[in-house]
Every structure is written in C-alpha cells, then in structure tokens.
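# Observations on the three-dimensional arrangement
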Amino acid sequence: MEGSPVTSVRLSSVVPASVVGENKPRLFTPMDLAMKLHYVRAVYFFKGTRDFTVADLKNTMFTLLQSYHHVSGRIRMSDNDPSAPAIPYIRCNDSGMRIVEANVEEFTVEKWLDLDDRSIDHRFLVYDHVLGPDLTFSPLVFIQITQFKCGGLSIGLSWAHVLGDLFSAATFMKTLGQLVSGHGPTKLVYPETPELISHAHNGEAISIEKIESVGQYWLLTNKCKMGRYIFNFSVNQIDRLMAKYTTRDQPFSEVDILYALIWKALLNIRGKTNTNVITICDRKKSSTCWNDDLVISIVEKNDEMIGISELAALIAGEKREENGVIKRMIEEDKGSSDFFTYGANLTFVNLDMIDMYEIEIKGGKPDFVNYTIHGVGDKGVVLVYPKQNFARIVSVVMPEEGLAKLKEEVTNMIM
C-alpha cells in the first residue's frame, strides 16, 4: 500500500483532570537512557459495532493521566553544571499527551486485517512521533483513534521507551480500558524516585552500542531502509518444530526454538559477519512499570556453523546478563554520548509476560493486537508474541533488502 488511506486527521491534547505533576522532576535511570532512542508502537483493532465511543475514550484519558502524571510531562535538560553535558529528565508539568482522530473510508477492520502486509498497521494507524527537535515541547505519548467504515476502530499507541518497557505500555492501555469500562484502575507500581546505584562491573557491555550524542532529536539514524514482517506459526508448525529439535535431555521452550530458528536463518543469509552475538531482552517477574525490570543478556557462538538445536542450547543455557555493566557504562558517560539497545546486535524480545489481549473496554476485547519497536539499529529486532489460539506470531524489524531472503529461509526450515 503506497498512499495513505487515512483521512480527516485531527489533533488535540489531553491533560490530567486536575493538577498532579506539581512541576516535579522525574529522573531517568541508566536503563531508561539505554532505551532513549527507541519507541514502543502498538495497534489494537476492534471489529464492528461496540459499546463505547471515541468520545468515551477521549474523555477517559483526562482521568487516566491522573495516575500517569509523568506521561504528561516534558523532557528537560539539567543545567546544574554549565561545563558538563546536560542530563535529560522529565519535568512533570501536566502538559498532556496528544490525541489523533482519523478515518479510513476504504476498508472495514476485517478487510484491513485480511491484507498480508502488517507493516501498514504501524505506518498508517500509529502517529509517526519521536521526541524532538523541539524537545521541550514534544509529547511523550500519542494515541491515534481511527474509525473504519464498518463502525470498527483501531487504537494506535506511540510510547517513548524512556517512560518504560513494553509491559509498561501495555499496562497503560489496560488501565485505559478499565477506566472506560467504569472500573477503578489497577494500582500502578512505578518507583517515584528511581535510585541511581553505582555498579562495579568491569569491561564494556556488548549488548548496547555507544554513539555520538544525537542532540535534541531522539531518533537513531539507520544506514539502510528498515522493513517489517510478521511470521504466523500455526499450532502444527510449532508442534513439528518442538518434536524435531527438543528431546528429554534438551527440553527447550518454544521461545528458545523460535529464537534459534530466526538466528539460524539469518546466519545462513549474513554468514558469520555481525551475527555471532545476539542480545536477548527478558523481563523480571514484576508488576513494576519501568525499564529497570528489563533483563538484557547476550549469547555468543563460536565460528563454527551449528544447527538449530545447538543454537537453542546456547540460548537456554549460555545467556550472560549485562544489566550491571550497562548501568556502569551509562553512569560513567555522564551524558556525553547516547546509547541504543535494539539492533546493536540482532536482538530478540520475549513478550510472554505481556498479555496484549488483556485490555477490555466495556466487555469488548481487541480482535488483533500488533506491537513493534521503532528506532531499531541495522542488525534488527525480533519480537516473539505470547501464545494465542493461532499459536505464535514472530515480528521482525530488519533491513528491508534482507526480508525476502529471510522469508524464504524460514519457509524452508518449517516445511
């Protein structure tokens, strides 16, 4: 799809229903700053008629921001020492988030979801928002509500990753659904004053990449055009993969096997160059909404070409956590540079702890949910979705020129 089918775009702002931020500063942790150049993007689809209106959604957001006053803030730079690099933080000044209302007249939600190219969800149904170049005026969150001709709609979220991880973004959307439905929100667990702790790890992290400061425009620059593709693995395909590559002595998880499958496919395409090390993003079992519950690990293979079972064994048993050294690197940098995580190596993200379909609005659950990460480095990111009735979705963001070869490799492997 070349031209945008979205029409009648209207922008407005929503602020907390009463003063809550009190202009207080909210400091970023080193893990927040490791995610500074990344954005979580999601689209929730609801088919046909429903028991809530666009006005219901929009009006509820005033109350929503009462619980999320940091989301309403704006980025500021510390100026305590004019001779030192400025450190960003959030000024909780109740400036609000941006709401986008739009229409798609050519499609019903059902017809839209029948299209093969799922990258169109994020191209057209999520507002293309990044922080900067007017950094002090840039909202941290955009929500786009798009009405389709069938009466269905989509809710598109663009969430600055410095606010929190994918779990945090999903919890934000779940809370919106609870409020629209007339329920009190789940008590949010979000540290009021994150503590900066010194870490004594030695060496340099290889799960993140250090780059020159991007200044006031918080977006990573790619060397090539990035593309997106979704693989749908059926129950039968998953069962065949598990039977083929797991044994009683090697009881790998489905996520281990899917990581290994994509890793092997990209090793076949790229060779050993830039693919012998992968990064894995997991999450601690916690209800805390912030980036510090992310667990960033690396897995390294030697120069030998090995199969899917051997790669799965490395993934299951040879992960090396790097949270400590990441924090030390960023603390010691003191704002002189920037860092990025997704795509510094080929990066795998496990979404099993995120119930994307947990959002419920007046009894209605979404018919389809599509998450991705924007601002990914050239080595790409792979998101493995939670298991649903149709088994597993694996979403890949990587250089567009390699997507066709990846589709062919994966198809051959699962035949």
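For the structure, see preceding data.
An account of the accompanying structure is given in this report. Everything numeric in this text was worked out from a predicted model, so none of it was measured.

Glancing now at the pairing of strand β17 (residues 381-384). Here β17 shows two buried faces, one formed by Val381 and Leu383 and the other by Val382 and Val384. As paired elements, strand β15 (residues 346-350) and β17 share four bridges and run parallel to each other. When the sheet's bridge partners are listed, Val349 is paired in β17 with Leu383.

Here we come to the sheet that holds strand β13 (residues 320-321). With mixed pairing, seven strands are arranged side by side in an open sheet as β10-β18-β17-β15-β11-β12-β13. Two strands lie at the open edges of the sheet, namely β10 (226-233) and β13, each paired on one side alone. Those strands touched by helix α7 (residues 254-270) are β10, β11 (277-283), β12 (294-300), β15, β17 and β18 (392-399), and its axis lies near 165° from that of β15.

Let's shift gears to the side chain of Lys36. Locating Lys36 in the fold gives a position in the loop between α1 (30-34) and β3 (39-46). Contacts of Lys36, omitting those with residues within four sequence positions, involve Val162, Trp218 and Asp338.

Moving on, we get to the pattern of salt bridges. In total, this model carries 18 salt bridges according to the counting rule given. Its salt-bridge partner being Lys210, residue Asp333 comes within 3.5 Å of it at the nearest N-O pair. Within this pair, whereas Asp333 is found in helix α9 (residues 323-333), its partner Lys210 is found in strand β9 (residues 209-212), the two being separated by 123 residues in sequence. Its relative accessible area of 8% is what places Asp333 among the buried residues. For Arg392, the salt bridge identified is with Glu254, shortest N-O distance 3.1 Å. A residue pair is termed long-range when its members are at least 10 positions apart, and Arg392 in strand β18 and Glu254 in helix α7 qualify at 138 residues. Of the two residues, Arg392 and Glu254, both sit in the buried class. When salt bridges with common partners are traced through the structure, they connect Glu254, Asp352, Lys387 and Arg392 into a single cluster.

Another aspect to go through is the environment of Lys225. Note on placement: Lys225 falls in the loop between β9 and β10. Residues within four places of Lys225 in sequence aside, it is in contact with Met398, Pro399 and Glu400.

The sheet built from six strands is open, its strands ordered β1-β6-β7-β8-β3-β16 with mixed pairing. Two strands close off the open sheet at either side, each with one partner strand: β1 (6-14) and β16 (368-374). Adjacent strand axes in the sheet meet at a mean angle of 15° when their direction is disregarded. The strands that helix α5 (residues 166-180) touches are β3, β6 (97-104), β7 (141-148), β8 (153-160) and β16; relative to β8, the one it contacts most, it runs at about 135°.

Moving on to α9. Of all 11 residues that make up α9, nine are buried, and the element is covered over most of its length. Remark: Lys334 follows α9 within two positions and exhibits a positive phi of approximately 55°.

What counts and how
- Residues numbered from 1 in each chain as written.
- Predicted model: local features only at pLDDT ≥ 70, side-chain atom pairs only at ≥ 80, totals over all residues.
- Heavy atoms only, no water.
- Buried < 20%, exposed > 50% of the residue type's maximum accessible area, 1.4 Å probe, protein only.
- Helix = DSSP H or I, 4+ residues; strand = E, 2+ residues; numbered from the N terminus.
- Pairing = 2+ DSSP bridges.
- Contact = heavy atoms within 4.5 Å.
- Axes fitted to C-alpha atoms, helices over the stretch in contact; angles between N-to-C directions.
- Salt bridge = Lys/Arg side-chain N within 4 Å of Asp/Glu carboxyl O.

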